[in-house]
Amino acid sequence: MSGNEAVALGAWTAGCRVAAAYPGTPSTEILEYASQHRDMYTEWSINEKVSLEVAIGASLAGSRALCAMKHVGLNVASDALMTQTLVGVKGGLVIAVADDVGLSSSQNEQDSRHWGRFAHVPVLEPADAQEAHDMTITAFDLSERFGTPVILRLTTRVCHVKGVVVPAGERQEHVLPGGFEKNPARLVMTPANARHRIPLMYQREEELRRYSGECELNRITEGDDRRIGFVASGPAFMHVREAFPDAPVLKLGLSHPAPMEQIRQLAGQVEQLVVVEEVEPILETEIKAAGIDVVGKEILPRIGELAPHVLRPAIAGLLGEPVTEEPATAPAAPPAKAPEVKLDPATGIQVFPRPPTMCVACPHLGIYYCLSKIKNTSISGDIGCYTLGAGEPWNALDTTICMGASMGVALGLDKGRTEEDRDKKIIAVIGDSTFMHMGMQGLLDITYNRGNVTILLLDNRAVGMTGGQFNPASGRDIHGEEAMQVDFRRICEALGVKSERIHEVNPYELPVLFKALREEIKIPEPSVIITNQPCVLVEFYGARPALTVDAEKCTGCGNCLDVGCPAIFVTRRETVVKPNGKEKELAFVDIDTAACTGCDLCPRTCGPDAIVPLEGFSRQ
Amino acid sequence: MPNVSDNDITNILVAGIGGQGVMTAAEILAQTALAQGYDVKKTEVAGMAQRGGVVTSHVRFGQRVLSPAIPPGEADILVGFEPAEALRWCSHLRPGGVAMVSTTRQAPPVVNLGLFDYPDDPVAEMQARGIDVHAFDAGAIARDLGNFRLVNTVMLGAISRYLPFSPEILKAQILDRFRARKPKLVEINEKAFEAGRKAAEADS
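What you see is a predicted model; the values in this text were computed from it and never measured.

1. Things to note about the overall build of chain B
Helix and strand counts for chain B come out as eight helices and six strands. In chain B, the succession of helices and strands from N to C terminus is β-α-β-β-β-α-β-α-α-β-α-α-α-α. Computed over C-alpha atoms, the radius of gyration of chain B comes to 16 Å, within 12% of the 17 Å expected from 2.2 N^0.38 for 204 residues, which places it in the range of a compact globule. For the C-alpha atoms alone, the extent of chain B along its principal axes is close to 50 × 40 × 35 Å. Here the contacts in chain B between residues at least 6 apart in sequence split such that 63% fall between residues at least 24 apart. Counting only carbon and sulfur atoms, one obtains 49% of the accessible surface of chain B, whose full area is about 7600 Å². Positive and negative side-chain charges of chain B, numbering 21 and 23 respectively, have mean locations separated by a distance of 7 Å.

Right, dumping it as structure tokens:
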């Protein structure tokens, strides 16, 4: 099973009763698997902060509770964490945070181990799926033993690696007696009360430091080759063991607080000590501060994933051995718009890039087709599939920062505009899930402060980027069962947008969408255009008969290619000379009928009506 | 015939495009190895992968597998679901490794928009690098059988004789999977597996 499934199973085994999360790569599957255990309450929360607050409440009520999130999710939840650490826990409270090391699907790369130091809570770092399972159970025990929330720090190479896992066994029935116990001095964090909790937090951290030096989580794997000894945590341990099977390794399962005496001991037994960690030099800095001679990021990369083939040449260099050139991990794709594909210097291979694209028939395609045709705009974007609108062929998204930022950034672009941008139309693009996560407050700020922003609220009734999880826009809960369905028109009205400035449109109806957009950007007050067609990945999306191209009618104008649908492909190109002497490139197209879902968007961009229903079509 | 590398770990790299069934193929290989008593690790980068981007899945099995990703230059088998993707990843093969490639081309929007060129002949480029390439049109076979999604099973059939267990074991694993989930598709998948097997033999 995967590391994510192992965390869910571990939580269930440990008797966890409440688990909450907002989806985010690479953590999403933790709650998906957890939700299969119906004897545990699970929910998709509206954002990570709420998910942590739900878990805090459950813990105070005497239940073991888990919340899961990706690294940037903990930024959102950190407000709760930084005070929760003073309150402590009743039932075990585990925060599983998954770092997207290497940025496969994130706006930045962060090292969540920092939060352990910042919030003075322990950090566990499993190295594979088996450890993810075992350490989740340990995390609940530690949480209750020391009265602290515990961070279970995962990375992509734990979350998304499947390995053999031997489960611990039956579910423990684990409820702390006494229910929720009123205790304002501990639970009501006014300054007077909080002040008294701070020394207790430090005391707890010292106890954990002692425990760290004694526990089984931190152990030395002996080795005969004492030229170099390693300190490693998480998947980095596996890479070290594979690359240097004969070297002694201190594996830190509990990496904060770090067992400094053990590290000092190992340093005394080897010629050189090397710390291998993903991704920032956190342990390295602490080890150096303790006066121990150690090598780390001087020779190892500070960004991206480590691997045996990254370690070998670095260590060979340290030992003064000849460094054999190793091929690169992944051939680097050249940036889009490069005139020609550059050779990958490491491999000599020349292949075009294949950036992620929107799906065939995605309801966002029509939006970006329209946005790409409107001039003189500044478009603030957000986090979701629609971030892809920044790419080819649309190039119709100008900023992406964090969840919900499209709102505030748009208002700032409006208020901070200089004379040069006097006539710029400010547009914000945000999805349903991101709007509910952190966008609603920003919209209220726009209306309250009389911002001149046109907002495109792309409601596809799901969390698309992470695979179509349900949310309040779907009207389904985590189990797919009926739940309340949010009414975006009424929310926008309540947040101060005038009723006549709110339009609900079908994004496949290009003329309607285009007209609404053209009109609203002219009006100098906040307006919201809500699109209302579902994500093609969700079960209630209905595909229709496929379309095809009548080759005799296709004039090669290439207009349909501007839609950006991956089902449309070029069959041949031709250069013609127009009557005015100018050359024109023609691109004749066809449609991959196996992929086409008949959304009927591209025919609306086709002047000669060459895109027609496929005759005798049957879907398999 | 490549079976296991020096360290007794078999490394299979499956490469293609999000949505082609790369992960499913890797999953089936991993499950089969697990059922044979091997320690197995399988990894890929998901998330963006389902949006038509590059997707690779690494399957490693042997006595004991530590690091989950196949180091460059150590793959025993490269399963390429698309010829340009096979070319992109071919440097991951070890000397003497085998590339099994479907020649069905799938150009991304950036190629259709004319921003980049598709390589003229990815298979020939791989051969020029001295790689043992077996190439055939798995997409055409799948379409002839009536369903493009069968490419997955066709490709597994094609590599079945290069594995350290018998092709019959892999076939049984695939068919059991369909028997449990979609029993109607058992028969057609058996045909697809055998067709892939034949195509690979005819090529070599």
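2. What about helix H13 (residues 308-318) of chain A?
It helps to recall that an α-helix has 3.6 residues per turn; residues three or four apart then point in one direction. Residue and element names in this part refer to chain A. Considered for burial, the residues of H13 that qualify are Pro308, His309, Leu311, Ala314, Ile315 and Ala316. Residues of H13 that are buried sit in contact with strand S9 (228-232), helix H10 (236-243) and strand S12 (272-276). Positive backbone phi, at 75 degrees, marks glycine 320, one or two positions downstream of H13.

3. Quick notes on the nonpolar core
Residues and elements named next belong to chain A. With 78 residues, the main nonpolar core has Tyr368, Leu371, Val429, Phe435, Leu443, Ile455 and Leu456 as its most contacted residues. Top contributing element to this core by residue count: helix H14 (residues 364-373), with six residues. Looking at which domains feed residues into this core, each of domain 3 (363-531) and domain 4 (547-613) gives three or more. Apart from the residues within four sequence positions on either side, leucine 443 is in contact with Met407, Phe435, Ile455, Cys492, Leu495, Val497 and Val528.

4. Quick word on the UniProt feature "binding site: [4Fe-4S] cluster 2" (unreviewed entry) in chain A
All names here are of chain A. The feature "binding site: [4Fe-4S] cluster 2" (unreviewed entry), as annotated in UniProt, sits at Cys565, Cys596, Cys599 and Cys602 in this numbering. These annotated residues cover 38 residues of sequence, and their C-alpha atoms all fall within 10.7 Å of one another, placing them together at a single site. Mapped onto the elements, cysteine 565 comes out in the loop between strand S18 (547-549) and strand S19 (568-577). Leave out the neighbours within four places in its chain, and cysteine 565 touches Val360, Ala361 and Leu365.

5. Considerations on the packing of helix H6 (residues 151-159) of chain B against helix H8 (residues 186-203) of chain B
The relative placement of two packed helices comes down to the angle between their axes together with the axis-to-axis distance. Residue and element names in this part refer to chain B. In the contact formed by H6 and H8, the axes pass within 6 Å of each other and the chain directions differ by 45 degrees. The angle between the axes of H6 and H8 places the two elements in the oblique class. Handedness of the H6/H8 crossing: right-handed. Of the residues in H8, those in contact with Thr153, Val154, Leu156, Gly157 and Ala158 of H6 are Asn189, Ala192, Phe193, Gly196, Arg197 and Ala200. Each residue belonging to the contact of H6 with H8 can be placed in one class, and the counts come to six nonpolar, four polar and one charged.

6. Regarding the pattern of salt bridges
All names here are of chain A. Evaluation of the coordinates by the stated rule reveals 53 salt bridges over all chains. With its nearest N and O atoms 3.0 Å apart, the salt bridge here joins glutamate 277 to arginine 113. With glutamate 277 in the loop between S12 and helix H12 (282-289) and arginine 113 in helix H5 (residues 113-119), this pair connects stretches of sequence that are 164 residues apart. Linking aspartate 225 and arginine 227 is a salt bridge whose minimum nitrogen-to-oxygen distance equals 3.0 Å.

7. Topic: the packing of aromatic side chains
All names here are of chain A. Tallying each qualifying case throughout the model produces nine aromatic pairs over all chains. Aromatic side chains tryptophan 115 and phenylalanine 118 sit 5.8 Å apart centroid to centroid with 25 degrees between the ring planes, which places their arrangement in the stacked category. With tryptophan 115 and phenylalanine 118 both in helix H5, this residue pair falls three residues apart, about one helical turn. Phenylalanine 118 gets classed as exposed once you look at its relative accessible area, which sits at 51%.

8. Some remarks on the interface of chain A and chain B
Counting residues at the interface gives 57 residues for chain A, matched by 51 residues for chain B. Between chain A and chain B, a total of about 4600 Å² is buried, with carbon and sulfur atoms accounting for 60% of that surface. Inspection of the region where chain A meets chain B yields five salt bridges. Taking the shortest distance from any N to any O, the salt bridge between aspartate 128 of chain A and lysine 41 of chain B comes out at 3.6 Å.

Each value, and the rule that gives it
Residues numbered from 1 in each chain as written. Chains lettered and ligands numbered in written order. Predicted model: local features only at pLDDT ≥ 70, side-chain atom pairs only at ≥ 80, totals over all residues. Heavy atoms only, no water. Helix = DSSP H or I, 4+ residues; strand = E, 2+ residues; numbered from the N terminus. Rg over C-alpha atoms; globule rule 2.2 N^0.38 Å. Contact = heavy atoms within 4.5 Å. Areas by Shrake-Rupley, 256 points an atom, 1.4 Å probe, with all protein chains shown as cover. Lys, Arg positive; Asp, Glu negative; His and termini not counted. Charge placed at Lys NZ, Arg CZ, Asp CG, Glu CD. Buried < 20%, exposed > 50% of the residue type's maximum accessible area, 1.4 Å probe, protein only. Core = buried A, V, L, I, M, F, W, Y, C linked by side-chain atoms within 4.5 Å. Domains from an automatic or database assignment. UniProt positions renumbered as here; feature names shortened; annotations may be inferred. Axes fitted to C-alpha atoms, helices over the stretch in contact; angles between N-to-C directions. Parallel < 35°, antiparallel > 145°, perpendicular 65-115°, else oblique. Left-handed = near helix turned anticlockwise from the far one by under 90°. Nonpolar A, V, L, I, M, F, W, Y, C, P; charged D, E, K, R; others polar. Salt bridge = Lys/Arg side-chain N within 4 Å of Asp/Glu carboxyl O. Phe/Tyr/Trp six-rings, centres within 6.5 Å; stacked < 30°, edge-to-face > 60°. Buried area = accessible area lost by both parts, 1.4 Å probe.

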